[in-house]
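Descriptive structure summary
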Amino acid sequence: LDKEKYTKLSKFMSKMLRHSPEEFGLSLDPVDGSCPTSELLGALHKQTKWSDIGVGDIEEVVERCEKQRFEIKGERIRARYGHSHDKVGYPAAAPPTVLYHGTNVQAAPSILKQGLRSMQRHYVHLSEGLHFAALAGKRRGELVILAVEAEKASHAGVVFYYAGNEVWLADRVPAQFCYVY
Ligand code: HQG
């Protein structure tokens, strides 16, 4: 896959596995949000644009993605995070002391007042390192990195979930635990 095709396929797979599986005739597992990779391939084949791809192309998207958006386990594939459709369940876990959230100058003041909210998705996205936080924040304007006192928040009752590859999720994080990094 060339870079452009790789990006397009990755975005399309995100749409199918995170946001509107039913639009493509997919039904995702209610617990982990996965479906058989063969079904995803079948659904892709129904799209003229993707009618000639093979399972190797899907595997390439999964492997090439630095953020590891997708996960293949055995015969099944899922988006690891980012869902707005059915809520994927994650095991609750004890977070590190500090986590980071990348956002932009427009949103930051409101977050510092209202706290971090999941907005259109099911969870707030946080990361262990600055790198993924920066990638997330830069998508919508001038980057602001927020540090979140995750361990303190966890002791205060905020539930955190680990989605793998340094990505943490939370239902919502009150403003008192967020500050500009
Ligand atoms: C902001 C991408 C105002 C929040 C990324 C963000 C990530 C508030 C936006 C993953 C707010 C939601 C998730 C509040 C939060 N007031 N704005 N109270 N609380 N916000 O896309 O974290 O490439 O749903 O700061 O890289 O940006 O798709 O969340 O700007 O990993 O794999 O509301 O998606 O990964 O935006 O991104 P999103 P996110 P992929």
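In this numbering scheme, every chain counts its residues from 1 along its sequence in written order. Totals for whole chains, interfaces and linings use every residue, but because this is a predicted model, local features are given only for residues with pLDDT of at least 70 and side-chain atom pairs only at 80 or more, for both listing and counting. Note: side-chain values were computed over all heavy atoms of the structure, leaving out hydrogens and water.

As annotated in an unreviewed UniProt entry, the protein chain is Probable RNA 2'-phosphotransferase from Paenibacillus ferrarius. UniProt's Function (unreviewed entry) comment on the protein chain is quoted here verbatim: "Removes the 2'-phosphate from RNA via an intermediate in which the phosphate is ADP-ribosylated by NAD followed by a presumed transesterification to release the RNA and generate ADP-ribose 1''-2''-cyclic phosphate (APPR>P). May function as an ADP-ribosylase." UniProt positions are given in the numbering used here, feature names are shortened, and annotations may be inferred rather than shown by experiment. Check the Sequence similarities (unreviewed entry) section of the UniProt entry for the protein chain; it says "Belongs to the KptA/TPT1 family."

1. Overview of the overall build of the protein chain
Looking only at helices and strands, the protein chain has 6 helices and 9 strands in total. With the C-alpha coordinates of the protein chain rotated into their principal frame, the extents come out at 50 × 30 × 25 Å. Note on contacts: a residue pair qualifies if any of its non-hydrogen atoms lie within 4.5 Å across the two residues. Considering only contacts in the protein chain between residues 6 or more positions apart, those separated by 24 or more positions represent 71%. Surface exposure of the protein chain reaches about 9,400 Å², of which carbon and sulfur atoms provide 51%. Counted charges follow a simple rule, with Lys and Arg positive, Asp and Glu negative, and His plus the chain ends left uncounted. Lysine's charge is taken at NZ, arginine's at CZ, aspartate's at CG and glutamate's at CD. With 24 positive and 22 negative side-chain charges, the protein chain shows a separation of 7 Å between the mean positions of the two kinds. Counting from the N terminus, the helices are the DSSP runs of H or I reaching at least four residues and the strands are the DSSP runs of E reaching at least two. Only the protein chains shown count as cover for residues, with accessible areas throughout obtained via the Shrake-Rupley method and a probe of 1.4 Å.

2. Looking at the site of the ligand
Note on terminology: near, applied to a residue and a molecule or strand, indicates that one of the residue's heavy atoms is within 4 Å of it. The immediate surroundings of the ligand are formed by 20 residues, with K67, R69, H101, S110 and R139 found nearest. For the ligand, an oxygen atom lies 2.7 Å from a polar atom in the side chain of R18. Note that an oxygen atom of the ligand is positioned 3.0 Å from one of the side-chain N or O atoms of R140. Coverage of the ligand by the protein chains reaches 88% of its 780 Å² of free accessible surface. The rule is simple: put a 1 Å grid over the protein atoms alone, call a set of points where a 1.4 Å probe fits but cannot get out a cavity, call an open set with protein on both sides within 12 Å along at least five of seven lines a pocket, and count a residue as lining if it has an atom within 4 Å of a point. Think of it this way: if more than half of a molecule's atoms are within 2 Å of a pocket's grid points, that molecule is in the pocket or cavity. Among the detected pockets, the ligand sits in the largest pocket. Looking at the shell around the ligand, the elements with two or more residues in it are β4 (98-104) and α4 (108-114). Throughout this entry, Asp, Glu, Lys and Arg are counted as charged residues, while Ala, Val, Leu, Ile, Met, Phe, Trp, Tyr, Cys and Pro are counted as nonpolar. The remaining residues, Gly among them, count as polar. In the shell around the ligand, the residues fall into 6 nonpolar, 7 polar and 7 charged. Polar contact criterion, stated in full: a pair of N or O atoms within 3.5 Å, where within protein one must be able to donate a hydrogen and the other to accept it, and residues adjacent in sequence count only if both atoms are side-chain atoms.

3. Considering unusual backbone geometry
Look at Q68: it is not a glycine, yet its phi comes out positive at around 50 degrees. Backbone geometry places N165, a non-glycine residue, at a positive phi of 50 degrees. Only protein chains enter the accessibility calculation, which uses a 1.4 Å probe. A residue is then buried if its area is under 20% of the maximum for its type, exposed if over 50%, and partly exposed in between. Residue classification places N165 among the partly exposed positions, given a relative accessible area of 22%.

4. A few points about the layout of surface pockets
Where empty space is left can be seen by rolling a probe of water-molecule size over the atoms. Grid points are joined across faces, edges and corners, and a volume is the space filled by probe spheres set on the points. A volume near 1,200 Å³ is recorded for the largest pocket. Along its surface, the largest pocket is lined by 44 residues, and R121, H125, A136, R139 and R140 are the ones closest to its centre. Considering every element that reaches the lining of the largest pocket, the biggest residue donor is helix α1 (residues 3-19), with 9 residues. Split into classes, the residues belonging to the lining of the largest pocket amount to 16 nonpolar, 16 polar and 12 charged.

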